[in-house]
Structures are given as structure tokens and as C-alpha cells.
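# Descriptive analysis of the structure
The residues making up each chain are set out below.
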Amino acid sequence: MRKIGVGIIGCGNISTKYMTAMQQFSTIELRAVADMRTAPAEARGAEFGVPAMRVDQLLKRDDVEIVVNLTVPLAHTDVSLAALRAGKHVHSEKPLGVNVAEARKVMDLAQEKGLRVGSAPDTFLGGGHQTARKLIDDGAIGKAVAGNAFFGCPGHERWHPAPGFYYLRGGGPMLDMGPYYITDLVNLLGPIASVVGFATRPKAERLVTSQPMNGTLIPVEVATHVTGVLEFVCGAVVSITMSFDVPKHSHRPIEIYGSDGSLSVPDPNRFGGEVLVAKAGGDWEARALSHGNSEGEFRSIGVADMAAGLLSGRPHRASGALALHVLEAMEAFQIASDEGRRVTLATTVERPAMLPPGLPTGTLD
């Protein structure tokens, strides 16, 4: 089987994880890297033994079929549109756009040109989340009735070397962390019907305590504590909180409550983790993972799955349609909060196909 050539635009923190993980998949091969800044591109290129170049040069390469867009959120739309105009399929870091209107531009151009769009997160393809999906599909907890999803931390200014973008348009806990949780919930339960919610911004500025910006005040443009309820087409209702204003908590990442039992789902920002099931009146019991790609970082599994889809003609799982539906749900929390109403979603999407159980690490079907 031939390999699909990949080029990466954006050589920041997350790029190392992508480039390392790409080496595990037989469907893709990293061919070039680029960044608006010369030094990060050259550093990544030297580290992984691939040529570094300007963005326009990468987009002209015939051996690059998929562009992986790892730029900051405010640049996602422009870079994805440029890749599509150059005739490349594109896989973007989350979110697909800073709002639905921007993301639709990407989807519309891809449809016009007959190209594919994919988007992070692809963690739902990891063994922990695919196992949880199989348990739901196999009826381990009966009919899904409700659930809870929770992420809370004191903010990324404690560890990130340049945290400012997390608090600008396109940032905030819902657009930063919400994609992991809501994408996994759609994987588990199917499409979302409506959203109610509240969004707050307790601070107008945040104090950076990480290096090299320690002591710097950065502006906050977006809500940093978002909470509400997702109503799914299947009838389940899931409460959700995404916050950069929580000093500490003891919540599990995701729990699904069914008519016959409860399911504890591992951290959706990771690929593996422990999957637990409890029946009424019983204790939590760990279930063996039915799927691989669980031990380690597999960021780029969505890119590899897109490549496999291109080679075989099947749909890819971490699709632009899925990312657009999740983005609309995330945007709906702010609308619901601002307007004091329930927001019905205009988009829908089918649950992405479950990966076959038992596949070795680094393989897809």
C-alpha cells in the first residue's frame, strides 16, 4: 500500500506529538514542515529529518496530499482555505474555525473542490474511548439516559510558554477543551439536538506564572467558565462544565448513565485510560480494553484514518462534518447564555464508524 504524503503547517508545541505519532502509521509519511516563523520550522525539520520551508512552498509540493494545520485558532480558517485552494486535503487542529461561519467557509470550499476535511480531536479513536463506545453499542448499560462531562483547571497561564491565545477569540475552555469532551460524547451517543447554558468571565486579565512570560498580565476576551446541558437526538441529556477557573476538583471526566448501569469514560484528551461499568447497587468494575491505540500518544491517528479513507474510498472518522457539528454545539453555549434561551442546532452528523476491535497499535480499518 502506498503512503499518503503529509505536510505540517504550524510548528508549535503540539507539532512534536503529531510528528512522533505519524511514524507509527503505515498510511502516511511526513514530507515537509512549514511555519510563519523560520526558526521553529527549521528546528522541527531537523528533529524529524524532513525539509523545512515557507508555507507557500509547502503548498506547491506535489508529494504533499494532506496538509495538517497546527496553527493557532485564529489562523485555522485562513490556512485551511489556502491548503484547499492549493488542491490539498486538510486536517486541522481544533477548533475547525473560531465560529461556525468561518468553519462553513472551509467546508463549502472543500465540497466545491472535491477535497476532504478532517479535524482534531482524534482521541475518540483511542482504545479507551472505542472500548466505551463498544460497551454502549453492546448494551452494557442499557439505553443511555443522562450523563456528566467535566473539565476544570486554574488556567493554562501556569504552564504554557505563550498562553495569550487561550484567552482571545477562538480560545477559552469551551473551544480549547470542549472539542475533546463533546466529540467523544457524539462518538458515544450520536448527534446533539439542542443546548442550554451559561458562560462567565470572572477576570478581565490573567497573570502569567510560566516562563518566559512570568509576571505578565494578559487580556481575557472570552468566557472562562462555561456550563450547561447537551440534549442528544437519542434522548439522553448530559450536563457539561468547561472551566479555567477551578482550583481543584474530584469529578470524573465523563460518565454516562443508562437504564441498566453506568459507564465511566476515561479522559478524552488521552487515548487510553480505564473504562469502568457499574450496575445499580454495585461497585465500579474495570473492563478490559477491546481496542488498541491506547498506550501512548497517537495524535495524527485522524490523519492516518483520512489517508486510509483516501486509499480505500471509505469515509474518514474525524471528519469536518463532525467538527462542524461540535463547533456549533460549543458556540451555542455562548448564544444560550447571552440570549437566555435553548438553542436548537442546525447541523447534524452520523456517529463515526467504530474501529474494528482487536487491531494492533498503528493499524486502522
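Structure: see above.
Below or above, wherever it landed, is the structure these notes cover. (Residues numbered from 1 in each chain as written. Predicted model: local features only at pLDDT ≥ 70, side-chain atom pairs only at ≥ 80, totals over all residues. Heavy atoms only, no water.)

## Here's the deal with the overall build of the chain
Stated precisely, the cut-off is as follows: What counts as a helix is a DSSP run of H or I of at least four residues, what counts as a strand is a run of E of at least two, and both are numbered from the N terminus. The quantity called the radius of gyration is restricted to C-alpha atoms. Its globule counterpart is 2.2 Å times the number of residues to the power 0.38. The cut-offs for exposure are 20% and 50% of the maximum accessible area for each residue type, with area from a 1.4 Å probe on protein chains only; residues under the lower value are buried, those over the upper are exposed, and the others partly exposed. The protein chains shown are the only cover counted for residues, whose accessible areas, like all others here, come from Shrake-Rupley with a 1.4 Å probe. Only four residue types enter the tally: Lys and Arg on the positive side, Asp and Glu on the negative side, with His and both chain ends excluded. One atom stands in for each charge, and that atom is NZ of Lys, CZ of Arg, CG of Asp or CD of Glu.
The helix and strand tally for the chain stands at 10 helices and 17 strands. Against the globule reference of 21 Å for 365 residues, the chain gives a C-alpha radius of gyration of 20 Å, in line with a compact fold. When the backbone C-alpha atoms are referred to their principal axes, the chain occupies close to 60 × 50 × 40 Å. The 365 residues of the chain split such that 57% are buried. As displayed, the chain has an accessible area near 14800 Å², and 53% of this comes from carbon and sulfur atoms. Considering the chain, the positive charge centre built from 35 side chains and the negative charge centre built from 38 side chains are found 2 Å apart.

## Some words on the sheet that holds strand S13 (residues 254-258)
Applied cut-off: Paired strands, as defined in this entry, are two strands with at least two bridges between them according to DSSP. Contact between two residues is taken to exist if any of their heavy atoms lie within 4.5 Å; hydrogens are not considered. Axis definition: a line fitted to C-alpha atoms, over the contacting stretch in the case of helices. Angles run 0 to 180 degrees between N-to-C directions.
The strand order across the open sheet built from nine strands is S16-S15-S14-S13-S7-S12-S11-S8-S17, with neighbouring strands paired in mixed fashion. The outermost strands of the open sheet, each flanked by one partner alone, are strand S16 (285-287) and strand S17 (343-344). Bridge count between strand S7 (residues 144-152) and S13: five bridges; the pairing is antiparallel. Of the residues in S13, the one forming a bridge with Gly-147 is Ile-256. Packing of helix H8 (residues 178-189) onto the sheet brings it into contact with S7, strand S8 (192-200), strand S11 (225-232), strand S12 (237-243), S13 and strand S14 (262-265), and relative to S13 it is tilted by some 25 degrees.

## Quick word on the nonpolar core
Buried together is how nonpolar side chains tend to be arranged in soluble globular proteins. Our working rule: As used in this record, nonpolar core signifies buried Ala, Val, Leu, Ile, Met, Phe, Trp, Tyr and Cys residues forming a set joined through side-chain atoms within 4.5 Å.
With 107 residues, the main nonpolar core has Ile-182, Leu-189, Leu-230, Ile-256 and Leu-263 as its most contacted residues. With 10 residues, the top contributor of residues to this core is helix H10 (residues 320-339). Ile-182 has contacts with Met-174, Ile-192, Leu-230, Ile-240, Val-326, Met-330 and Phe-333, leaving out every residue within four places of it along the chain.

## With respect to the environment of Arg-287
Turning to its location among the elements, Arg-287 is positioned in strand S16. According to the relative accessible area criterion, Arg-287 is partly exposed, its value standing at 32%. Discounting residues that sit within four places of it in the chain, Arg-287 has contacts with Leu-135, Val-275 and Val-277.

In short, geometric facts, not functional conclusions.
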